[in-house]
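Residue-level structure breakdown
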Amino acid sequence: MPASDSRRLTDQRDIENLLVDYCRYLDRMDLDSLADLFLPDAQVEYGEGPLLRSEGNAALRMSLTRMWRWKRTAHHLSNVRIWFEGEETARGESSVLAWHENQTGGTAIVWGLYRDLFRLTQDGWRIATRRMEMQGADSGFGVPLYRFERLLPEVGWTPPEGLG
Amino acid sequence: MPASDSRRLTDQRDIENLLVDYCRYLDRMDLDSLADLFLPDAQVEYGEGPLLRSEGNAALRMSLTRMWRWKRTAHHLSNVRIWFEGEETARGESSVLAWHENQTGGTAIVWGLYRDLFRLTQDGWRIATRRMEMQGADSGFGVPLYRFERLLPEVGWTPPEGLG
Amino acid sequence: MPASDSRRLTDQRDIENLLVDYCRYLDRMDLDSLADLFLPDAQVEYGEGPLLRSEGNAALRMSLTRMWRWKRTAHHLSNVRIWFEGEETARGESSVLAWHENQTGGTAIVWGLYRDLFRLTQDGWRIATRRMEMQGADSGFGVPLYRFERLLPEVGWTPPEGLG
C-alpha cells in the first residue's frame, strides 16, 4: 500500500480516538483531559447564545461544567466520517446518542451530529472547531441546540398507503 | 505487513464509509446520493411485500421516499463486521439504531440488522444486495420488517432466581 | 509506515471484531461461539455476587444462559478504545447500549461500559478479563451491575441559569 494510504489509516484512527475520548471524558466529567482534545483557540458551538458557545478550550472547559447539573450521562459515538484536506487538516462528521439523567431520575436523550475541523499538531490531532446539531431529542431535553436540516420532499409527494 | 493485509484494511474502511453514508444520506433525505451507494441492479429487501422490496437502485430511491412521512430520523450504525470473499466481493453485517419522529411528535425506535453483499466496482465499493432484519422495536413502529431469529434455550432451561 | 504501526492497525481491527462478535453472539444466543471469544480461564464480572461473576469461559457460558429470560435483545457497541501493552497484551474500553425485551413486552435499556484485558493467542486475540460497569439504565432494568463513577463537581459549583 502506498505510504500515503497507510498514513491515512493511522490518522483516521487517531482522529476516531479523539472523538471517542471526548465522549469518555465528558461522561466521567474529566474536563481537564477533555479540554486537551481541543486547540487552545478552538471555537465550539452547540447552539445560539453565550451559554452554548465558547472561544478557546479554557472557556469550553468552564462552559461544560454545566453538565454537572445532570446526575449521570452516557455519550455513544457512531457514524464517523473523516475527509482529509492536505496532511495536517481534516474535516469530520460523527453522530452521538447522548443520554442524560437528572437529579430526580428524569431522563433526556439527544440524537446529535458533530461537524468538526481537525488540525495535526506536534502533540497529535486536535479539534479546531466543533459545531453540534440536533437531529432529534425526546421531551426531557429542552436546550436549544442547532437543528439539523434535511431536504424537503419533491413537489407532489404523498405518503404511501399501508405503512405504519 | 503483507500487501494483502494492508489492502484489506483500506477496503474495510471504504466499506464502513459506505455503510455510514447510507445512514447519513437517509437522515438528510439525499436520496440521489443514497442510490449511488448501490449497484444499479441492487436487490434490497426490508420485509415482505412490494412496499418493502426493490430491484435496482432507481426503484430503491423511489421506495425510500416513504421516509418523508417521518418528520425527522436518526440512524446510528454500529457492530460492523466484514468478511471478504476474494478481491472484489465481501459480505457484511452491521447494526442500526433507527429513531423516527412523526408529524405529531410521536416517535418510533427500531433495533435493526443489515446483511449486505458488497462488490468492488471501478468507482469503489457498492452494495449489491441488502436484507434488513429487526431485532426489536418499540410500540411506535408498526412496519412488518423481517424478524431476526435467535437460538432457542436448551431443553430443561429455567430462569435463574434473583435477577430482575 | 513502520511495521509496528501496521501491525497495530491489524491488531486493533481484530480486537474490535472480537468486541462486536460478543454482541452478535449474545443477541443470537450462540453461547458456544461467544465462549470461544474468551480465554479458558477468563475472569468476567458484571457485578457483585455469584450470579454476575464467572471464572473460566465454560462458567461464563453457563452463566449467560440467564439471558434467555429475555425474549430478545440488541447490544450495540461503540466508543472502542484500545491500548497496547507489548505485542501480546492490550487493554480496552468500549460502550454498549443494551436493549432487552421481556416475555410480556416490557423493555429495559442499559448504558454500559466494558473494561477488558486482551491476550494474543495462537488462535488470535481473546478476552482474558472483563468487568462491566453501568453508566445508566431505565426503570425496566433491576440487575445490580457495577456502577460507573464520575468525578465530582468542584467546590462551589452551581448550576447555570437558563438551561433546561
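Structure report, in brief. (Residues numbered from 1 in each chain as written. Chains lettered and ligands numbered in written order. Predicted model: local features only at pLDDT ≥ 70, side-chain atom pairs only at ≥ 80, totals over all residues. Heavy atoms only, no water.)

1. Considering the overall build of chain A
Looking only at helices and strands, chain A features three helices and seven strands. Counted from the first residue to the last, chain A has its helices and strands arranged as α-α-β-β-α-β-β-β-β-β. For chain A, the residues scored as buried account for 59% of the 164 residues in total. The contacts of chain A with a sequence gap of at least 6 include a subset with a gap of at least 24, amounting to 52%. Carbon and sulfur atoms make up 50% of the accessible area of chain A, which amounts to about 7000 Å² in all. (Helix = DSSP H or I, 4+ residues; strand = E, 2+ residues; numbered from the N terminus. Buried < 20%, exposed > 50% of the residue type's maximum accessible area, 1.4 Å probe, protein only. Contact = heavy atoms within 4.5 Å. Areas by Shrake-Rupley, 256 points an atom, 1.4 Å probe, with all protein chains shown as cover.)

2. Points about the interface of chain A and chain C
A common way to report how large an interface is uses the accessible area buried once the components associate. Each partner contributes to the interface: chain A provides 35 residues, whereas chain C provides 34 residues. Across the interface of chain A and chain C, roughly 3200 Å² is buried in total on both sides, 54% from carbon and sulfur atoms. Linking chain A with chain C are five salt bridges. E154 of chain C serves as the salt-bridge partner of R61 of chain A, at 2.8 Å between the closest nitrogen and oxygen. (Buried area = accessible area lost by both parts, 1.4 Å probe. Salt bridge = Lys/Arg side-chain N within 4 Å of Asp/Glu carboxyl O.)

3. Topic: the packing of aromatic side chains
Evaluation of the coordinates by the stated rule reveals 15 aromatic pairs over all chains. For the pair W111 of chain B and W99 of chain C, a centre-to-centre distance of 5.8 Å together with 25 degrees between the ring planes defines the contact as stacked. Of this pair, W111 of chain B sits in strand 5 (residues 107–121) while W99 of chain C sits in strand 4 (residues 89–101), each in a different chain. Exposure class is identical for W111 of chain B and W99 of chain C. Each is buried. Put simply, the rings of Y22, F38 and Y114 of chain A touch in pairs and so form one group of aromatic residues. Directly above the ring of Y25 of chain A sits R24 of chain A, whose terminal nitrogen or CZ lies 5.6 Å from the centroid. (Phe/Tyr/Trp six-rings, centres within 6.5 Å; stacked < 30°, edge-to-face > 60°. Lys NZ or Arg CZ within 6 Å of the ring centre and 35° of its normal.)

4. Remarks on the interface of chain A and chain B
Residue-level contacts link 34 residues of chain A with 35 residues of chain B. Scanning the region where chain A abuts chain B turns up 15 residue pairs in polar contact (both at pLDDT 80 or more). Looking at the side of chain A that touches chain B, the elements that each hand over two or more residues are helix 1 (3–27), strand 3 (72–84), strand 4 (89–101), strand 5 (107–121) and strand 6 (124–137) of chain A. With five residues, the single largest contributor to the side of chain A that touches chain B is strand 3 of chain A. Grouping the constituent residues of the side of chain A that touches chain B by class yields 17 nonpolar, eight polar and nine charged. (Polar contact = N/O pair within 3.5 Å; in protein donor to acceptor, adjacent residues only side chain to side chain. Nonpolar A, V, L, I, M, F, W, Y, C, P; charged D, E, K, R; others polar.)

5. Focus on the relation of the copies chain A and chain B
Once chain A has been moved 0.0 Å along the axis and rotated by 120 degrees, it coincides with chain B to within an RMSD of 0.0 Å. Accordingly, the operation relating the two chain copies is best matched by a three-fold axis. Among all C-alpha atoms of chain A, that of S78 of chain A lies closest to the rotation axis, at 3.8 Å. In this assembly the copies use different faces: only 12% of the residues contributing to the interface of chain A also contribute to that of chain B. (Least-squares fit on C-alpha atoms with pLDDT ≥ 70 in both.)

6. Details of the relation of the copies chain A and chain C
Superposition record for chain A on chain C: RMSD 0.0 Å, screw rotation 120 degrees, translation along axis 0.0 Å. When the interface residues of chain A are mapped onto chain C, a mere 11% of them again lie at the interface, so each copy presents a different face.

7. Digging into unusual backbone geometry
Even without being glycine, M29 of chain A reaches a positive phi, approximately 55 degrees. Mapped onto the elements, M29 of chain A comes out in the loop between helix 1 and helix 2 (31–35). Even without glycine at this site, N79 of chain C takes up a positive phi of about 55 degrees. Within the secondary structure layout, N79 of chain C lies in strand 3 (residues 72–84).

8. Concerning the pattern of salt bridges
Side-chain pairing between opposite charges can occur once the charged atoms of the two side chains come close. Taken as a whole and judged by the stated rule, the model has 51 salt bridges over all chains. Where E16 of chain C meets R13 of chain A, a salt bridge forms, and the shortest distance between an N and an O atom there is 2.7 Å. Of this pair, E16 of chain C sits in helix 1 (residues 3–27) while R13 of chain A sits in helix 1, which puts the two residues in different chains. Neither residue differs from the other here; E16 of chain C and R13 of chain A are each classed as buried. The network of salt bridges with shared partners includes D21, R24 and R28 of chain A together with R81, E93, R115, R131 and E133 of chain C.

9. A few points about the side chain of D116 of chain B
Residue and element names in this part refer to chain B. As for its placement among the helices and strands, D116 is situated in strand 5. Polar side-chain contacts of D116 include one of 2.8 Å to the side chain of R130. Dropping the residues within four chain positions of it, D116 is found in contact with L19, A90, R91, G92, I127, T129, R130 and R131.

10. A few points about the pairing of strand 1 (residues 38–45) of chain B
All names here are of chain B. Direction of pairing for strand 1 relative to strand 6 (residues 124–137): parallel, over a ladder of four bridges. Along strand 6, the bridge assignment pairs E45 with R131. Of the pairings in the sheet, the one linking strand 1 to strand 2 (residues 53–55) comprises three bridges and is antiparallel in character. Of the residues in strand 2, the one forming a bridge with Q43 is E55. (Pairing = 2+ DSSP bridges.)

11. With respect to the state of the cysteines
Under the counting rule described, the total for this entry stands at zero disulfides over all chains. We note that C23 of chain B lacks a disulfide partner, and the nearest cysteine sulfur, in C23 of chain A, lies 17 Å from it. A residue is classified by how much of its surface remains accessible, and C23 of chain B, at 0% relative accessible area, is buried. (Disulfide = S-S within 2.5 Å.)

12. Quick notes on the pairing of strand 5 (residues 107–121) of chain C
Regular strands show a simple pattern: their side chains alternate between the two faces of the sheet. Residues and elements named next belong to chain C. As paired strands, strand 4 and strand 5 are joined by 13 bridges and run antiparallel to one another. Looking at strand 5, one finds that E93 is bridged to R115. Linking two consecutive strands that pair antiparallel, namely strand 4 and strand 5, is a turn of five residues; a positive phi of about 95 degrees is found at G105 within it. Hairpin geometry of strand 5 and strand 6 (residues 124–137) is characterised by an intervening segment of two residues between the two adjacent antiparallel strands.

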